[in-house]
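# Remarks on the overall topology
One letter stands for each residue in the lines below.
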Amino acid sequence: MSKNSSRKMKTTFKFLAGLGVVISLVIGLGILRFHAARLAYYLESVNQSIQKYSEEEVLLRQELSALVAPIRIYSYCKENLGMQKVLKAETLPIRAQSGNFTASRKNSSPENKGWHFGLAWLLER
């Protein structure tokens, strides 16, 4: 009887060990399924955000092209700013005074300009 009860004990132990492995696998698969569902939900929210921003980009590009169009600029200036189309452009003559038009430095004598001033003809500057 001891062999028979020992055999029953081993069979029961093997059955419980197998049942524990099966339960562990089911719980592990459930956890993986939950994680996959959570990642799928996150991916879907990212895709929705991308779609929303893509639609917003299309609208902004359309608005930009409408604002840059010359007829749109002309109509905006006419309607909102009260500008009118010029029929005759006038020019005003300006008399230039004789003298240098560039800014002159004080003490601009050749002695103050350094050694490179005397060799400027060599460097063609």
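Check the entry above for the structure.
About the thresholds
Residues numbered from 1 in each chain as written. Predicted model: local features only at pLDDT ≥ 70, side-chain atom pairs only at ≥ 80, totals over all residues. Heavy atoms only, no water. Phe/Tyr/Trp six-rings, centres within 6.5 Å; stacked < 30°, edge-to-face > 60°. Lys NZ or Arg CZ within 6 Å of the ring centre and 35° of its normal. Salt bridge = Lys/Arg side-chain N within 4 Å of Asp/Glu carboxyl O. Helix = DSSP H or I, 4+ residues; strand = E, 2+ residues; numbered from the N terminus. Buried < 20%, exposed > 50% of the residue type's maximum accessible area, 1.4 Å probe, protein only. Patch = residues over 30% accessible without salt bridge, like charges linked within 9 Å, V, L, I, M, F, W, Y side chains within 5 Å. Areas by Shrake-Rupley, 256 points an atom, 1.4 Å probe, with all protein chains shown as cover. Lys, Arg positive; Asp, Glu negative; His and termini not counted. Charge placed at Lys NZ, Arg CZ, Asp CG, Glu CD.

Turning our attention to the packing of aromatic side chains. Taken as a whole, this structure holds zero aromatic pairs when the rule is applied. Directly above the aromatic system of Tyr53 lies the positively charged group of Lys52, at a separation of 5.0 Å from the ring centroid.

Right, let's get into the pattern of salt bridges. Taken as a whole, this structure holds one salt bridge when the rule is applied. Its salt-bridge partner being Arg61, residue Glu57 comes within 3.0 Å of it at the nearest N-O pair. With a gap of four residues between them, Glu57 and Arg61 both fall in helix 1 (residues 2-68), about one helical turn apart. Arg61 gets classed as exposed once you look at its relative accessible area, which sits at 56%.

On the surface, a cluster of positive charge is made up of Lys3, Arg7, Lys10 and Lys14. Its place among the elements puts Lys14 in helix 1.

A surface patch of nonpolar side chains, about 610 Å² in accessible area, is lined by Phe15, Leu16, Leu19, Ile23, Ile27 and Ile31. For Phe15, the position within the fold is in helix 1. In this structure Phe15 comes out as exposed when scored by relative accessible area, which is 57%.

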